[in-house]
Structure formats: structure tokens, C-alpha cells
There are 2 protein chains.
Amino acid sequence: MTRWRSEVRESDAAAVRRLVADTAFFNEEEIDIAVELVEETLQCGEAAGYAFVFADDDTGEADELLAYTCYGPIPATRSSYDLYWIAVAPSCQGQGLGAAILRESERRAREAGAAQMFVDTSGREQYRPTRAFYERMGYEQAAVLRDFFAPGDDKVVYVRQLADTTR
Amino acid sequence: MTRWRSEVRESDAAAVRRLVADTAFFNEEEIDIAVELVEETLQCGEAAGYAFVFADDDTGEADELLAYTCYGPIPATRSSYDLYWIAVAPSCQGQGLGAAILRESERRAREAGAAQMFVDTSGREQYRPTRAFYERMGYEQAAVLRDFFAPGDDKVVYVRQLADTTR
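Okay, so let's go over this structure. (Residues numbered from 1 in each chain as written. Chains lettered and ligands numbered in written order. Predicted model: local features only at pLDDT ≥ 70, side-chain atom pairs only at ≥ 80, totals over all residues. Heavy atoms only, no water.)

The next point concerns the packing of aromatic side chains. Each aromatic ring pair is summarised here by two numbers: the centre-to-centre distance and the angle between the ring planes. Taken as a whole and judged by the stated rule, the model has 24 aromatic pairs over all chains. Centre to centre, the rings of F148(B) and F149(B) are 5.1 Å apart; their planes meet at 90 degrees, and the pair counts as edge-to-face. With relative accessibility at 6%, the residue F148(B) sits in the buried group. On the accessibility criterion, F149(B) (19% relative accessible area) is buried. Through a chain of ring-to-ring contacts, the aromatic side chains of F25(A), F26(A), W85(A) and Y127(A) assemble into a single cluster. (Phe/Tyr/Trp six-rings, centres within 6.5 Å; stacked < 30°, edge-to-face > 60°. Buried < 20%, exposed > 50% of the residue type's maximum accessible area, 1.4 Å probe, protein only.)

Now the structure itself:
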């Protein structure tokens, strides 16, 4: 049974840096961005526009961050949210923790008023498991922006409806 | 003959607020965002990530801002740019100033390394002339994100290739 934590602690900046780097999936610039979102939230609170779900390992001697998500309302939209980050420690992958923390994040976003959750990812081969993960989780491909990140590196936008919208 | 100006002056915050409000096209929140981009640039310079093209009327007694664009590199992309703002004073609309300032902005973006220019707009009826403008200017619809801004208010993403990319 995983306990979720949403409040951000000073120690999370370093913990997120370690976790995101440990996945060996993100470059330096991306890792810096992940940490900045934590730091902005420590400084500005909710006004920063980011919410978090942290999964701590409290079974061991020291608290260790096993997974986290960062999401928030998209400015200038009524009820669209973006999943900015999701990362699971390599030692915990393949055990459903990613699915569980994503569902928990969606539940909290919906409670906060989210009607749909967007997530941007890459069309590169390296991201095939990532795209398959979102598809298993009920996300649909909403757009492909060719060569968005770089030549040959498309942006793929996924979306999942979290609540009924009438139009 | 229009002279373009790219350096941002202190007076541009108020001038952009007036211009954008005069178009009667944007809400208060949007107007505030337009002004914030000017203010961030006054404070941080290029590091803010925004570039501008201003069209001043220097024929009259006082300088007046007739049109402007705001654009810049999209973070974490190699050569994708976003057109954040384009506005033309109501008294100058229908005379090709929008087309001219957009082309000038594209030219400067390309010089700065842009391979493609993205622009987000709305699928609402009010934005039909906006979408037609981008299509006339050679922009192609790259994505439609349903209900993105609000129920019934889609985000429509346009893109124009500014340089050859090989993939």
C-alpha cells in the first residue's frame, strides 16, 4: 500500500533531481527544469501553478523518493491540465507504481476541477514504452507536431478525459 | 514604408496594453499576459526568451504603436519558434500591415535560427478571420485539441516551415 504525499518539502529538490537522473532518461536541461518546478513551488506555493504527488519509501532507514508526478492547470484554459512530469525509480519500475501514481494524480486533478489531462511526449524510438504506457492508461493521441523538438523528433500530445464536458 | 523596431522601450508596456485592448479581441487576462511579456523583457532582456517587432507611426505628432508581434524560441526545442502575439491597431487593419509584420518577424526568427514557426489560436467562430489570415500566410493546421480552452473552444495549432530541415 503506497501512501501519497502532495506537500512539497525542501528536501524534494534534491530528491527529484536524484530520481529523475536515476531514470537515465532525461538530459541535463530537462533535469534542471524538473528541479525548478519543485523550487518554484517551494518559493511561491500554489501560485506557481504546479501540484505534486510523491511516493515515499518509508519502509527503509531513510525516506527515499520512489516516484513522483508534477501536474497543473494550463494557464488561459478553463479546465485543462498538463502532466508535466512522471518518474519512477528504476528499482520500482514494472510493478504498477507508475500506473498507480498517475491515477492518483488524475483523481486529485479532477477534484481540483480538471476536465482533461494533457501530456506531451516525444515520437522518438526511445519513448515508445512511454507512449505505450499512456495508451494503456487510456490516453489518446491528440496531435503529432512534426520535427517539433528537433528534426526527426516529433512532439506527440496525448489527452485523457477526466470528466464529462458538454459542448 | 514601415520602419520596424525590435528594441523594447519602457513606454511599450503601456503602448502594448492600449493596442491589444483597442483590438477589442482579447480579455483582461490575455491583455495582462501580453503586457507581462514586455515587462519581463524590459527586466531580463533576451534571457526572457521573447523577441518583438514594433511598427511605430512616426508621421504624427506623437509616436503611436500601430502593430506589434512577440515571438521566441520554444524551450527544449532545437529550432521551433512560437508566435505569441500579433496585433494591429483597428485604424490600420485591412492594409497589409499584419502580413508585413508577420513576414518581418519570420525573417528575423529565421535569422536567429528558427526552422519553423508555430502559432496557437482558437477554433471559435470569432477567430475565423484569424485562422484565415494564417492560412493566407502559408501556415498549415498541425493540430486541433478539442475543448482545450473550454468546452466548445478548441486549440488550433498552425505551423509554417521557415527553413529546410532534414530528417
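Relative to chain B, chain A is turned by 180 degrees and slid 0.0 Å along the rotation axis, the superposed coordinates differing by an RMSD of 0.0 Å. On the angle and the small slide along the axis, the relation comes out as a two-fold axis. Measuring from the rotation axis to each C-alpha of chain A, the shortest distance belongs to A143(A), at 2.7 Å. Most of the interface of chain A is mirrored in chain B, where 100% of its interface residues again form contacts. (Least-squares fit on C-alpha atoms with pLDDT ≥ 70 in both. Contact = heavy atoms within 4.5 Å.)

Counting residues at the interface gives 24 residues for chain A and 24 residues for chain B. Each partner contributes to the roughly 2,100 Å² buried at the junction of chain A and chain B, and carbon and sulfur atoms together form 57% of this total. Linking chain A with chain B are 0 salt bridges. Inspection of the region where chain A meets chain B yields 8 residue pairs in polar contact (both at pLDDT 80 or more). Elements that contribute at least two residues to the side of chain A that touches chain B include exactly β5 (116-122), β6 (140-150) and β7 (153-161) of chain A. In terms of residue count, β6(A) provides more of the side of chain A that touches chain B than any other element does, 9 residues in total. (Buried area = accessible area lost by both parts, 1.4 Å probe. Salt bridge = Lys/Arg side-chain N within 4 Å of Asp/Glu carboxyl O. Polar contact = N/O pair within 3.5 Å; in protein donor to acceptor, adjacent residues only side chain to side chain. Helix = DSSP H or I, 4+ residues; strand = E, 2+ residues; numbered from the N terminus.)

Turning next to the pattern of salt bridges. One pass over the structure, following the stated rule, counts 22 salt bridges over all chains. The residue D12(A) makes a salt bridge to R5(A) at a minimum N-O spacing of 2.9 Å. Residue D12(A) is classed as buried on the basis of its relative accessible area, which comes to 2%. One salt bridge connects R128(B) with E125(B), and the closest N-O pair in it is separated by 2.8 Å. Residue R128(B) is classed as partly exposed on the basis of its relative accessible area of 47%. A relative accessible area of 52% means that E125(B) is categorised as exposed. What emerges from the salt-bridge pattern is a single network uniting E104(A), R107(A), R108(A) and E111(A).

Turning to the sheet that holds strand β2 (residues 51-57) of chain B, a few remarks are in order. Hydrogen bonds between backbone atoms are what pair the strands of a sheet, whose relative direction is either parallel or antiparallel. Residues and elements named next belong to chain B. Strand order in this open sheet of 7 strands is β1-β2-β3-β4-β5-β7-β6, and the pairing throughout is mixed. A single partner strand is all that each edge strand has here, and the edge strands are β1 (4-5) and β6 (140-150). Looking at chain direction, strand β4 (residues 80-88) and strand β5 (residues 116-122) are connected through 3 bridges and run parallel. In the strand pairing of β5, D82 is matched with F118. Against the sheet, helix α1 (residues 12-22) contacts β1, β2, β3 (64-73) and β4, and its axis sits at roughly 100 degrees relative to β3. Running over the sheet, helix α2 (residues 28-44) touches β2, β3 and β4 and is turned about 115 degrees from β4. (Pairing = 2+ DSSP bridges. Axes fitted to C-alpha atoms, helices over the stretch in contact; angles between N-to-C directions.)

Once that is clear, we can look at helix α4 (residues 128-136) of chain B. Every α-helical turn comprises 3.6 residues, leaving residues that sit three or four positions apart pointing alike. Residue and element names in this part refer to chain B. Among the residues of α4, those classed as buried are T130, R131, F133 and Y134. An end-on view of α4 places all buried positions within 155 degrees of arc, on one side of the element. Across from the buried face of α4, at angles greater than 90 degrees, the exposed residues are P129 and R136. Residues of α4 that are buried make contact with β4, α3 (97-111), β5 and β7 (153-161). One or two residues past the end of α4 sits G138, with phi positive at roughly 90 degrees. (Arc of directions from axis to C-beta.)

Counting 44 residues, the largest nonpolar core has Y68(B) and Y134(B) as the members making the most contacts within it. Counting residues in hydrophobic clusters, the runner-up holds 42 residues, among them L66(A), Y68(A), A109(A) and Y134(A). (Core = buried A, V, L, I, M, F, W, Y, C linked by side-chain atoms within 4.5 Å.)

Our next topic: the packing of helix α1 (residues 12-22) of chain A against helix α2 (residues 28-44) of chain A. Residue and element names in this part refer to chain A. Across the interface, α1 lies against α2 with an axial gap of 9 Å and an inter-helix angle of 155 degrees. The angle between α1 and α2 falls in the class roughly antiparallel. Remark: the crossing between α1 and α2 carries right-handed chirality. Note on element contacts: α2 touches α1 through I31, D32, A34, V35, V38 and E39, opposite D12, A13, V16, R17, V20 and A21. (Parallel < 35°, antiparallel > 145°, perpendicular 65-115°, else oblique. Left-handed = near helix turned anticlockwise from the far one by under 90°.)

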